[in-house]
Amino acid sequence: NVLFTLLLGLVALMLYDWFQRRRRLPVAFLSVFAVCFLAQAIQASYGFSGVLFVFICYVCREKQVFVPWFILAVCCTAMTAFAASGPQWALVQLASLAALPLLLRYNGERGRPLKFLFYAAYPAHLLLLYLIHFYFPSL
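Here we summarise the structure given alongside this text.

### Section: the packing of helix α1 (residues 2–21) against helix α2 (residues 25–41)
Two elements in contact, α1 and α2, have axes separated by 8 Å at closest approach and are oriented at 165°. Compared by their axis directions, α1 and α2 come out roughly antiparallel. Here the hand of the crossing between α1 and α2 comes out right-handed. Contact residues: α1 offers Leu 8, Val 11, Ala 12, Leu 15, Tyr 16, Phe 19 and Gln 20, while α2 offers Leu 25, Val 27, Ala 28, Phe 29, Ser 31, Val 32, Val 35, Leu 38 and Ala 39.

### So, the side chain of Ser 31
Inspection of the secondary structure puts Ser 31 in helix α2. In this structure Ser 31 comes out as buried when scored by relative accessible area, which is 9%. Contact partners of Ser 31, with chain neighbours within four places excluded, come to Leu 15, Tyr 16 and Phe 19.

Criteria and thresholds
- Residues numbered from 1 in each chain as written.
- Predicted model: local features only at pLDDT ≥ 70, side-chain atom pairs only at ≥ 80, totals over all residues.
- Heavy atoms only, no water.
- Axes fitted to C-alpha atoms, helices over the stretch in contact; angles between N-to-C directions.
- Helix = DSSP H or I, 4+ residues; strand = E, 2+ residues; numbered from the N terminus.
- Parallel < 35°, antiparallel > 145°, perpendicular 65-115°, else oblique.
- Left-handed = near helix turned anticlockwise from the far one by under 90°.
- Contact = heavy atoms within 4.5 Å.
- Buried < 20%, exposed > 50% of the residue type's maximum accessible area, 1.4 Å probe, protein only.

Okay, structure coming up:
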């Protein structure tokens, strides 16, 4: 379940912030890596790279720093997916680079409330995934 990976990512961020506020930066980074190794040890979705990806997105929030680290994180996740499950999952991870233009357009302000659009988006994307699987079963 990817939500467990996101929870571990949140724990890593909380530990990082806690140690950073106490001016213990090396311990802050070690705590993040400890949570990453925990995710790998318990075989959480995306394992080490999933928690590291959350951390990189948090630390590199400024756009000029964010882009190269985001690309590096996606590539690391893709390599992990390739090693664990094969090339098709690596391509799925690389497809997340398509989110980069949207992330770069974010200006830090809340957008218009489109609650009902988002309620429809989740079932629509599941239907799309089912249709892709139905028409292209070898993917």
